[in-house]
Amino acid sequence: MTGIIPADALAIGAGAFFGAMSRYQAGRMAAEYIASDPKRFGHLTGWHTAAINVGGSFILGGVTGAPLISSTSTKTTVGPAFGLTPRS
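Residues numbered from 1 in each chain as written. Predicted model: local features only at pLDDT ≥ 70, side-chain atom pairs only at ≥ 80, totals over all residues. Heavy atoms only, no water.

(A) Representation of the overall build of the chain within the structure. The secondary structure content of the chain amounts to three helices and two strands. Its helices and strands taken in sequence order, the chain reads α-α-α-β-β from the N to the C terminus. Within the chain, the fraction of its 88 residues that count as buried is 6%. Long-range pairs, those at least 24 residues apart, make up 23% of the contacts in the chain between residues at least 6 apart in sequence. (Helix = DSSP H or I, 4+ residues; strand = E, 2+ residues; numbered from the N terminus. Buried < 20%, exposed > 50% of the residue type's maximum accessible area, 1.4 Å probe, protein only. Contact = heavy atoms within 4.5 Å.)

(B) Here's a closer look at the pattern of salt bridges. Counting across every chain of the model gives one salt bridge. Here Glu32 and Arg28 are joined by a salt bridge, their closest N and O atoms 3.5 Å apart. One end of the pair is Glu32 and the other is Arg28, both in helix H1 (residues 6–36) and four residues apart, which spans about a single turn. For Glu32, a relative accessible area of 49% corresponds to the partly exposed category. Using a relative accessible area of 40% as the deciding quantity, one classes Arg28 as partly exposed. (Salt bridge = Lys/Arg side-chain N within 4 Å of Asp/Glu carboxyl O.)

(C) Fine view of the packing of H1 against helix H3 (residues 47–65). Two elements in contact, H1 and H3, have axes separated by 10 Å at closest approach and are oriented at 145 degrees. The interaxial crossing formed by H1 with H3 has right-handed handedness. For the pair formed by H1 and H3, the contact residues are Arg23, Ala26, Gly27, Ala30, Ala31 and Ile34 on the first element and His48, Thr49, Ile52 and Asn53 on the second. Residue composition of the contact of H1 with H3, by class: five nonpolar, four polar and one charged. (Axes fitted to C-alpha atoms, helices over the stretch in contact; angles between N-to-C directions. Left-handed = near helix turned anticlockwise from the far one by under 90°. Nonpolar A, V, L, I, M, F, W, Y, C, P; charged D, E, K, R; others polar.)

(D) A nonpolar patch on the surface, seen in detail. Residues Phe17, Phe18 and Met21 make up a contiguous nonpolar surface patch of about 340 Å² in total accessible area. Mapped onto the elements of the fold, Met21 is located in helix H1. (Patch = residues over 30% accessible without salt bridge, like charges linked within 9 Å, V, L, I, M, F, W, Y side chains within 5 Å. Areas by Shrake-Rupley, 256 points an atom, 1.4 Å probe, with all protein chains shown as cover.)

(E) Summary view of the packing of aromatic side chains. Applying the stated criterion to the full structure yields two aromatic pairs. Between Tyr33 and Phe41, the ring centres sit 4.8 Å apart and the planes meet at 35 degrees, which makes this aromatic pair tilted. (Phe/Tyr/Trp six-rings, centres within 6.5 Å; stacked < 30°, edge-to-face > 60°.)

(F) Fine view of the confidence of the model for the chain. Averaged over all residues, the pLDDT of the chain equals 78, while 70% of them reach at least 70. Within the chain, H1 carries the highest mean pLDDT (90), whereas strand S2 (residues 76–82) carries the lowest (53). (pLDDT = per-residue confidence, 0-100.)

Quick look at the structure:
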């Protein structure tokens, strides 16, 4: 590979932006929910961040580990072309 492709850089930037915004919103919603009844949910303070990180890791793992399906074939590609693969 000779360098980064502009489309790849744009996709990475867009993914980072939307991922950061969704993580911020999820954290804000969880914090507001915990603050709504501190006597009941006060022990969860701080743990919502860990839960959001673990949940996001599972989602990212599912996306990168999912088999690729070719648009020209109905067969699932397995083996070296499994999940997200680099260009050759």
